[in-house]
Amino acid sequence: MSSISRQYIYLMIVSMVLFIFVLLFSFLVLIPEGKEYRTKRVELKKITREFRNYSNFHDETEETLQDLRSKNRRIISAFDTIFNPDRFEKENKSYFSELKVSSLSEPTAENDFSVYEVNTTSQISSPKSFYDFLDAINKSAYMIAINFPIDFKRDGEIIKSSFTMKVYCNNKDTNATASESKKK
Amino acid sequence: MKYSYINPKKKSVFTQEIQLLLSFFSITIIMLLLTYSFLLYKNYSFKQDKETLTAQKIELEKSFSLMEDKISYIEKQKILSETIYTKNIVLKDSIANLFDLVPLRITLSEAQLLKNGLILYGITPNKDIYNFMLQAPLRSIFHRTYSSFYPAKDGWFRFVSTNYIDNQEEIEEDE
């Protein structure tokens, strides 16, 4: 009888110790960790959703940029092209009997662009040549605005003309921004 | 002196009941530890994922901001180019209109197109032809028109016509 009783007490003590350990472990360690797990899971879901939305928005913006680039390729390239007086003379001499382009002035900043002024003297046989030149300017590889004053002077059968051109280029710091191609 | 014919068995602390109890609690504790390990691993994994996503989002934000700048710059280029092209076309039309405006009987020797004006040098058979056929249309275009004549050798008149368009601001100030 005394042996059973001792066994029983021993069993009870072991059971109690283990039970208390399980309870303490559960309430002090496992449940807080579980709560943290649940919070983190919800938080991660929220962050993932936000990231996905932002990523979609980013992709849409990228598409818009590519679309803008492809639609305005000629304009972007015109702003990128550095003005070359010799090349300009060669390209446009067909409109004039004689064409002389002065070298570029020091650039001035206008908004986000560099503007060079170029003085031009030329000889034309009729005003029509000048109209054709103005049409061609809008299709040229440069971004050029014909500027005042424009002077036409009759000299026998020819018209001597002189005018100023404003050549627009990208600023050096913004140049890269506009023309950089997508590298992926 | 022996009281029994069998050898006595050693009594162990780990009785069957204790063994059963220990195995039951062992399984429970193993399960609890496994759950705890799973939670630890998942929390660590969530933390890593969160950090990765945050880093990726920062990269996206940078890239987005860069793209916004590019878009805004291309739009600026587009607006400026449209302005330049329009100005060139308007200029071409203005010059064409100017030459169309000059009657056949008047010969221009020089034309200076200024930002806000026009100076014409030429020769006219008489003042009336100039006044009616050239000055009248010029007056309708420009706000201020001044003309001066110099007699030429063959009885014709050389003229200088100076025409200005006042800025809208100046007109408003005068009013």
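A word on the overall build of chain B. Across its full length, chain B holds three helices and four strands. Shown N-terminal to C-terminal, the secondary structure of chain B runs as helices and strands in the order α-β-β-α-β-β-α. For 175 residues, the compact-globule formula gives about 16 Å, and the C-alpha radius of gyration of chain B, at 51 Å, lies well above that figure. Across its three principal directions, the C-alpha atoms of chain B cover 175 × 35 × 15 Å. Intrachain contacts of chain B at a sequence separation of at least 6 include 42% that bridge at least 24 residues.

For the rest of this paragraph, the subject is the domain arrangement of chain A. Domain boundaries assigned for chain A yield domain 1 (1–71) and domain 2 (83–175). Measuring from the centre of the C-alpha atoms in domain 1 of chain A to the corresponding centre in domain 2 of chain A gives 72 Å.

The sheet contact formed by strand E4 (residues 143–155) of chain A and strand E1 (residues 107–113) of chain B spans four bridges and is antiparallel. Within the sheet, the bridge partner assigned to Ile150 of chain A lies in E1 of chain B and is Leu113 of chain B. As judged from the six bridges shared by E1 of chain B and strand E2 (residues 117–124) of chain B, these two strands associate in the antiparallel manner. Bridging across to E2 of chain B, Ala111 of chain B finds its partner in Leu120 of chain B.

In this section: the nonpolar core. Counting 30 residues, the largest nonpolar core has Phe79, Met143, Ile144, Val167 and Tyr168 of chain A as its most contacted members. Contributions of two or more residues to this core are made by helix H2 (73–80), strand E3 (113–124), helix H4 (127–137), E4 and strand E5 (158–170) of chain A together with helix H1 (16–101) and E2 of chain B. Aside from chain neighbours lying at most four places away, what touches Ile144 of chain A is Ile137, Met165, Lys166 and Val167 of chain A.

A few words on the interface of chain B and chain A. Of the residues lining the interface, 51 residues belong to chain B; the matching set on chain A comes to 56 residues. Taken together, the elements giving at least two residues each to the side of chain B that touches chain A come down to H1 and E1 of chain B. With 42 residues, the single largest contributor to the side of chain B that touches chain A is H1 of chain B. Of the residues that constitute the side of chain B that touches chain A, the class distribution is 27 nonpolar, eleven polar and 13 charged.

Quick notes on the rules
Residues numbered from 1 in each chain as written. Chains lettered and ligands numbered in written order. Predicted model: local features only at pLDDT ≥ 70, side-chain atom pairs only at ≥ 80, totals over all residues. Helix = DSSP H or I, 4+ residues; strand = E, 2+ residues; numbered from the N terminus. Rg over C-alpha atoms; globule rule 2.2 N^0.38 Å. Contact = placed C-beta atoms within 7 Å. Domains from an automatic or database assignment. Pairing = 2+ DSSP bridges. Core = buried A, V, L, I, M, F, W, Y, C linked by C-beta atoms within 7 Å. Buried ≥ 20, exposed ≤ 12 C-beta atoms within 10 Å, placed from the backbone. Nonpolar A, V, L, I, M, F, W, Y, C, P; charged D, E, K, R; others polar.

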